[in-house]
Structure formats: structure tokens, C-alpha cells
Amino acid sequence: MGLLTEGSPLSWEETKKLAPHVRQHGITQFINLYKKLRDREGDVLKWGDEVEYIIVKFNDEKKQAKVSLRGDELLTVLNKKELEDPNGVKSLWRPEYGAYMIEGTPGRPYGGLLAHFNIVEANMRLRRKEVTELLKADEAIMSITSFPRLGCEDFTHPPTKPTPDQGATRSLFFPDDVIFPGHPRFKTLSRNIRMRRGEKVAINLPVFRDKNTKIPIDDSYKHDRAALPDHVYMDAMGFGMGCCCLQLTFQACNITEARTLYDQLTPLCPIMLAFTAASPLYRGFVTDVDCRWNVISGSVDCRTEEERGLKPLKENTFVINKSRYDSIDSYLSPQGEKYNDIPLLYNKEDYQKLVDNGIDPLLAGHIAHLFIRDSVSLFSEKVHQNDEEDSDHFENIQSTNWQTMRFKPPPPHSTIGWRVEFRPCEAQVTDFENAAIVCFVVLLTRVILSYQLNFLIPISKVDENMQKAQKRNAARDQKFWFRRDITTHVSPPAAAECCRTGTSNCDVKECDMFGQMTVNDIINGKEGEFPGLIPLINNYLAGMDVDADTHCTIQQYLKFIQRRAAGEILTTASWIRKFVTEHPDYKHDSVVSEIINYDLLKTVKDIQTGDKYCPLLLGVSTMSKTKESIPSALSDDC
Ligand code: GLU
Ligand code: MG
């Protein structure tokens, strides 16, 4: 989840006092990095995935499933292996916000060879196996985005109790003991976000209204003004940052390519969020949203009442319209400039300092904008730094701006180049699905760069899409703003021809450049209107020399993406909804009971291990449904 500085956290009052110090030095540190590294060239494509997991403990007698607070214990063992043999390990493990979470990545990045797509899923499986070996027989490591009964009575093992009157979170539902204990960052962030905001965070998700749903859904509104009666109310950072996702990081060949990738992937964020939607259940209720995004956004919303526009500005400088976890506010490439239609907030002096140091207005605006956020976690040992050598103050702010995309300068004194992170996707049940999504996005970046495609739409429309993406069944029902004319002079004929027949040549009305499309239109294409991402990828692959094995793997993945986009198979969120609402214990009251939670998670576990095959999620296959066939579940298509 970001920078893990060693040391002792400062109190909120001390941190607050030092906010201008962090800002001033953080910006200087970026300037110094930039001066040293702006001309860095010749890095090759490297990329990697990150999957966050939840450790679940089952009680088969009582039919209960709880989160197991053993993340720290497991990490001690996993990290020991890494320390002993840093270059030999096949996976790397890091803490995440929840005491029941861990995050895993491949031991080293993948490179430019298509053949690497053959090892992504195997590595994911190996990661799961590695952790499973450390688990008790009644535990499982699960890549589920939201734990359905997080924050319900007795949802942890060992048992914990919320402490509404004391501690970091002060939640009615989420105990501080459920925050990862092994590093002070997580609790400190929770406390400081609450203190900066001036009250607890508040998240209200509309409940899915079924025929027996009671309104108010519970009595939390009696305890908290912030709770809405027909919404699932959540009042802790853990409800958001306790969710899991699937992220990707790419190394670009230079800063220009990194800026292009950052921009071109931005309009794809809401599309991929809708496509990967996997989290309809929160705090034991079925909600009317399919994704985690707004939950996390609200869970780290440190804006004061003034900054949220609820009070006239007195102590703060700006009214800010988003939380520090949200979609990006500006494009970074020259091509993107004209689509930056949201006024970018920043301190003029910060911006000027960046510009005076030779940083162009687009990048200066981006960096200055990140720095409208105060530090919410500062360690005493790190207050005074050498701005020529260190970048901790910059990283402090950068790593607590959790946005759909992240633009990352090379760390000082390293062999790593300019990178971008792609952060919207939700975690899927199986390694097969996660690997398919990873390969699809990596292939898209290759297609974007090779054909110099242009996906840009006004940034305000990306924001609109982000909200649509989270609605129930968005992947099937919603129409998203998307660019019709994505071609440039090097784009393939298929794309160009399709777009010529559209309205794309009309530059009188710029808005005709953008249409409303479904996820299916965007991914699979729409005759005469849009070529489709999969056909573009296939066009690109047709010109490549690919070995039979790799070809087969890629085609399985693309087939799966195609089918899910077409609605032939369900999104994870739709499948979970279906499971819950068809469960015999479900009373049509929007409640996810302990037994439904247990059965759902048991089924998910069986699907992820391959003990059960789920055609609704993965597609129909003629292959035998054995464990080993899971990765090649769709291999009848090769
Ligand atoms: N768990 C967060 C999410 O689901 C991401 C935290 C991180 O940046 O690692 O988006
Ligand atoms: Mg993470």
C-alpha cells in the first residue's frame, strides 16, 4: 500500500505542523530527481502484477467463515525466505492494511517477450501454494475483493471488539486490532485521516432493495449522524483499504513513453473497473454497487468540512472535490493537454517552483496537485532529509495519493526507469482470471504504443465513467463515454477503416469524437462504429512470431475476456449476487447471513483451487474438470 518507512510515527499535531515542511522538501526532492533522470533513456519494457489476498478461517461445524488475523505471522516466514535469498525467490510478499491481508508479486519483473504470458498464471498459483503451505487446514488464502461480512459481529479470528470511544479508528464496527499490527504506518494513517478530517470517515452505500428489505437496514443511524437509513453505513478506513485489488506496473523506455502510457490507460480505468467488478457485498448486506472504488475513496477521505465545501474556507486553502483515493485529475502528455477540462487545484508557489526548475506546465501541475494533500503519516527519523539524495518526502505524498493511475519517477540510485501503475482492477477468484486480465492489459499497452492509438476523452468524462462503472451490472447495462476515432497515421487498416465510416472526421463538433459504448462494444467491437480492443490485439499479434504454446495461452485469455465482455459469462460481482440471492437461507432482505457467507466463501475456495469448476464464471469447457485443467479451462478453443 505504499512507503514503509522504519521508525516512530509522530503525533497528529506534530505531523500537521510539519505539513508545509514535507511539501516544500517533497517538491524539491522531485525537482532533484527530475533533473537527474529526465533524460534517462533505453529502459526496456518490464512489468509485474500485484495481487492482494485475504486469509479466511472456516469453521465447518458452525458453518462460519471469518478473517484470520495472521497476515503478520505469515509475512515473517515469507519475508525470511526473501532475506536469505533475495534473488532466488519466485515471489515477494508485503503487508497490506488489514491484519488478515497480504500482498504478493512475482519475484522479479516480466519482460518484453510474449512467452512471459506463459508464466504469469503459474507464478500466481505458486504464490497461493507457498502461502497455503503455511496455513492451517481450516484456513485459505483468497483473492476476493471484499470480505462479505467485514465489520459484522464477531467477524475475526481470534475475536476482536470495536472500540468506538478510543484508539485510531473509533469505529462502531471495525476494531483497531484488525489493522495490520506489524508496521505503525497503517494505524497512524487511520488516526491521522480521522483527525485531519475532524470526524470519522463515513461511507454510505445504497442497499440493494429486495422485496423484504427493511428500512432502516439497522440501527447504526441511531448512533451516528452520518449514517443514512437506507444505506450500508461504514465508518472506518478498514472497510475500504481492507479490500483487495489486482494492480499492474509497467516500466517505460523513457519519461515520454511513461507519460503516454499514463494518459492512454486512463480512459480504460473505468472500463476495466466495470469489467472486473467483484464486490457487491459489504458489512453483511447486498448493496446496489458492484465495486470497491467509492468505498475506499470514502474510507481515506481526510478532507475537512471546509475542504468538502460544507463550511466557508477559513483554515484551509481549497474546496477539493475528491478524496485522495480517486481517479486522476489531469493527463500528462502533450496530446492529453486539451482534454484536461477539470480545473487543477494547486498552490501557485509550488507550481511556480516546479516550472522555474525547468518542469513543463503539465507535469508541474500534476506534481503540485498531488501536494494539495497534507502528509498523514510522518516518522520522527525521517523529518530531516538530504533533498539531493532522499525522496521520502516526495514518496510520502505520492504514495498517499491513491489514484487510478500512478506516475512513478525512478527511485534514487536504482536501475529502475520511469514507471506507471494501473490500479483500478478488482481481484478475481481464480488465478486464471487474474492472469487473463493482466495479459490483456499488458497486450493493450503494446498495441497502444505500436499503433500509437489515441483513447483520450475529456477527463471529466472519465470521472463520469468511474461512477457509472460501479453501478450494479454496469459491465452489461451501462454505456460509457469512449473515443470513436482512436487512430493515428500508424494504426492498423482495420481500425482506420472502421473509424472513417463513423463521424470521426468531423472536427467541428469535437463531441462527435466520443460516443456512448457498452463494455462489450469497447472490448469486442461494434460493426461500423468501433474496432474493439480484442480485434486490435489480434491484429497486432498476427504480425508477431509467437510459439504455439504462448499462442494458445494468449488465445485462452483473450477468449475469456471476450466472453465475459459479451456477457456470455458473469462478472464476479454478478456471480456473487446470484449465489447469495439464490441461497436457501436468503430471505430476500438484502442480508448476507453467516451461513450464506460461509457457503459463498467455501464455493469460492473450491473454485480457486480447482476442486469445483464454475462455467458461469469461467465459461463452458469440454476439458475434464480436474485441478490441472483449471489454467487451460478453455483450451478447447486452441
Ligand atoms: N487495496 C487497495 C485497492 O483495492 C490498494 C492499496 C494499494 O495501493 O496497494 O485499491
Ligand atoms: Mg497493495
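Cut-offs used in this document
- Residues numbered from 1 in each chain as written.
- Chains lettered and ligands numbered in written order.
- Predicted model: local features only at pLDDT ≥ 70, side-chain atom pairs only at ≥ 80, totals over all residues.
- Heavy atoms only, no water.
- Helix = DSSP H or I, 4+ residues; strand = E, 2+ residues; numbered from the N terminus.
- Rg over C-alpha atoms; globule rule 2.2 N^0.38 Å.
- Buried < 20%, exposed > 50% of the residue type's maximum accessible area, 1.4 Å probe, protein only.
- Areas by Shrake-Rupley, 256 points an atom, 1.4 Å probe, with all protein chains shown as cover.
- Lys, Arg positive; Asp, Glu negative; His and termini not counted.
- Charge placed at Lys NZ, Arg CZ, Asp CG, Glu CD.
- Expected span 1.5 Å × (residues − 1).
- Contact = heavy atoms within 4.5 Å.
- Pairing = 2+ DSSP bridges.
- Core = buried A, V, L, I, M, F, W, Y, C linked by side-chain atoms within 4.5 Å.
- Axes fitted to C-alpha atoms, helices over the stretch in contact; angles between N-to-C directions.
- Left-handed = near helix turned anticlockwise from the far one by under 90°.
- Near = heavy atom within 4 Å.
- Polar contact = N/O pair within 3.5 Å; in protein donor to acceptor, adjacent residues only side chain to side chain.
- Nonpolar A, V, L, I, M, F, W, Y, C, P; charged D, E, K, R; others polar.

A. Local environment of the overall build of the protein chain. Counting its secondary structure elements, the protein chain contains 23 helices and 17 strands. Radius of gyration (C-alpha) of the protein chain: 24 Å, near the 26 Å computed for a compact globule of 638 residues. Principal axes of the C-alpha set define a box for the protein chain whose edges measure 65 × 60 × 55 Å. In the protein chain, which comprises 638 residues, the share counted as buried stands at 62%. In the form shown here, the protein chain has an accessible surface area of approximately 24,400 Å², with 51% of it arising from carbon and sulfur atoms. Charge-centre separation for the protein chain: the mean point of 79 positive side chains lies 3 Å from the mean point of 89 negative side chains.

B. Molecular detail of helix α4 (residues 117–132). Taking 1.5 Å of rise per residue, 16 residues should cover 22 Å, and α4 covers 24 Å from first to last C-alpha, within 8% of that figure. Looking at α4, one finds that the buried residues are Phe117, Val120, Glu121, Asn123, Met124, Arg127, Arg128, Glu130 and Val131.

C. Molecular detail of the side chain of Glu82. On the secondary structure map, Glu82 appears in helix α3 (residues 71–84). If we skip the residues at most four places from it in the chain, Glu82 touches Val89, Leu92, Trp93 and Arg94.

D. Region of the structure containing the pairing of strand β5 (residues 139–142). Residues of β5 alternate between two faces, with Glu139 and Ile141 on one and Ala140 and Met142 on the opposite face, all of them buried. Pairing analysis gives four bridges linking strand β1 (residues 46–59) to β5, with the strands arranged antiparallel. Bridge pairing in β5 links Val56 to Ala140.

E. Quick look at the environment of Gly167. Positionally, Gly167 belongs in the loop between β6 (156–157) and α5 (184–197). For Gly167, a relative accessible area of 35% corresponds to the partly exposed category. With 20 residues separating them in the primary sequence, Gly167 and Lys187 have C-alpha atoms 9.0 Å apart.

F. Fine view of the nonpolar core. Counting 190 residues, the largest nonpolar core has Trp47, Phe250, Phe422 and Phe440 as its most contacted members. Take this core: its biggest share by element is 14 residues, from helix α14 (residues 431–451). Beyond its immediate chain neighbours, meaning those up to four positions away, Phe440 contacts Met272, Ile523, Leu533, Ile534, Ile537, Leu558 and Ile561.

G. Looking closely at the pairing of strand β14 (residues 405–408). Residues Met405 and Phe407 of β14 are buried on one face, and the alternating residues Arg406 and Lys408, pointing to the opposite face, are buried as well. Relative to strand β15 (residues 419–422), β14 runs antiparallel, the two sharing four bridges. Looking across to β15, one finds that Arg406 is bridged to Glu421.

H. Spatial organisation of the packing of α4 against α14. Running from N to C, α4 and α14 cross one another at 145°; their axes reach a closest spacing of 9 Å. In this structure, the crossing between α4 and α14 has a hand that is right-handed. Counted together, Phe117, Val120, Glu121, Met124, Arg125 and Arg128 of α4 and Asp431, Phe432, Asn434, Ala435, Val438, Cys439, Val442 and Leu443 of α14 form the full contact between these two elements.

I. A look at the site of ligand 1. Neighbouring ligand 1 are 13 residues, the closest being Glu52, Cys243, Arg292, Tyr325 and Arg423. One of the side-chain nitrogen or oxygen atoms of Tyr325 is found 2.7 Å away from an oxygen atom of ligand 1. The fraction of the free accessible surface of ligand 1 (300 Å²) that becomes covered by protein chains is 98%. Counted by class, the shell around ligand 1 contains seven nonpolar, one polar and five charged residues.

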